[in-house]
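If you want the building blocks of each chain, they are given just below.
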Amino acid sequence: MPAPETPWQGGRIDRRAAGPELLFGQMYEDSAVELEAFEPGGRIFSIASAGCTSFDLAARGDDVTAVDINPAQVAYLRRRLAGAAVERGRIDRRFDQMRQIAPALGWTRATLECFCDLDGTGEQLEFWRRRLDTRRLRIALAAAFSPRLLRRIYDLPFVDVLPARFDRILLRRLERGFGCHPNAGNPFASALLLGRTRDTTPSPLAVETADAIDFLEACAPGSFDGITLSNILDGADSGYSARLFDAVRRAAAPGGVMILRSFREPTDDEGARWAARDRALFWGSIRVERL
């Protein structure tokens, strides 16, 4: 029986009727979460995306299988394994466009470089509140995340998953991150604010093009010690979610760990705590569950 539809299966986030495209040239999620939650040397199922999390797990000796429903992402991951350079996907180019308006917000390159070099969270919060969290920034984010504008550009399931007034929520999440993680040691801060490419070394792993549900259902029971799903349920319906969790429970070894990220607001304190620990700065909830 085919898996229920997921908005990710088209390989796009916009509303155009076109083929799959590369969405992510690098991942905006912190593999330190997986490296802490999964026991070293385990059998890991990972959503492929740009491959960063999968590479980091494989580099420490985990047996990683990276799966993605988007053939463009799988093809890119295979190019990376063959030695190709990091590319810019659709999401990366969106971030590039947003960084282009930084001077209009009073965010000069020198100012951002100074901020990214800071090594103390107290100093970072003061710098953020005094020099970066400006009225112009708030106006720009309110316009960029206007539901009316987003619905004209993006596929509706991806818009509907964002909480109301996501512009304000995003500012709170950024401030939370700058108050938790020193920028000087956080490659996600410089990637977000300056567009720098994070260092990720491709390491050998298995790569497959498939829907996560179909792949996990076809695996033998107990195949994986760790399962990391990125945010594949953002935009999915309840039927897809229920079937995915059934497949995860079947494919997980006893005591295995599942990790699931979301842009949604957290429903419990544990999800909020894990989200705060992710140095990528803007996740709302991260579910880390022993199965």
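This is a predicted model, so every value here is computed, not measured. (Residues numbered from 1 in each chain as written. Predicted model: local features only at pLDDT ≥ 70, side-chain atom pairs only at ≥ 80, totals over all residues. Heavy atoms only, no water.)

Please explain the nonpolar core as it appears in this structure.
The nonpolar side chains of soluble globular proteins are, as a tendency, buried together. Counting 64 residues, the largest nonpolar core has Phe45, Trp107, Trp128, Leu229 and Leu244 as its most contacted members. Beyond its immediate sequence surroundings of up to four residues, Phe45 is in contact with Thr65, Val67, Ala212, Phe215, Leu216, Phe224, Gly226, Ile227, Thr228 and Leu229. Counting 22 residues, the second largest nonpolar core, distinct from the first, contains Ala37, Ala66, Val207 and Ile259. (Core = buried A, V, L, I, M, F, W, Y, C linked by side-chain atoms within 4.5 Å. Buried < 20%, exposed > 50% of the residue type's maximum accessible area, 1.4 Å probe, protein only. Contact = heavy atoms within 4.5 Å.)

Help me understand the packing of helix α6 (residues 121–132) against helix α10 (residues 166–178), please; the structure alone is not making it clear to me.
Interaxial distance between α6 and α10 falls to 8 Å at its minimum, and their mutual angle equals 150°. Viewed along their axes, α6 and α10 adopt a mutual orientation that is roughly antiparallel. Taken together, the residues of α10 that come into contact with α6 (itself represented by Thr121, Gln124, Leu125, Trp128 and Arg129) are Leu171, Leu174, Glu175 and Phe178. (Axes fitted to C-alpha atoms, helices over the stretch in contact; angles between N-to-C directions. Helix = DSSP H or I, 4+ residues; strand = E, 2+ residues; numbered from the N terminus. Parallel < 35°, antiparallel > 145°, perpendicular 65-115°, else oblique.)

What's the story with the packing of aromatic side chains in this structure? I'm lost.
Here a ring pair, both rings aromatic, is described through the centre-centre distance and the interplanar angle of the planes. A full pass over the atoms with the stated rule returns 15 aromatic pairs. With 6.5 Å between their ring centres and 25° between their planes, Phe95 and Phe282 make a pair best called stacked. Pair noted here: Phe95 is in helix α4 (residues 90–100) and Phe282 is in the loop between α14 (269–277) and β6 (285–290), with a separation of 187 residues, a long-range link. Residue Phe95 is classed as buried on the basis of its relative accessible area of 18%. A relative accessible area of 8% means that Phe282 is categorised as buried. Measuring from centroid to centroid gives 4.9 Å for Phe115 and Phe178, while their planes differ by 80°, and the two rings are edge-to-face. Of the two residues, Phe115 is situated in helix α5 (residues 109–116) and Phe178 in helix α10; the sequence distance between them amounts to 63 residues. For the pair formed by Phe115 and Phe178, the shared burial category is buried. Between the NZ or CZ atom of Arg277 and the centre of the ring of Trp274, over which it lies, the distance is 4.2 Å. In this structure, Arg287 is placed above the aromatic ring of Phe245, and the distance from its NZ or CZ to the ring centre is 4.6 Å. (Phe/Tyr/Trp six-rings, centres within 6.5 Å; stacked < 30°, edge-to-face > 60°. Lys NZ or Arg CZ within 6 Å of the ring centre and 35° of its normal.)

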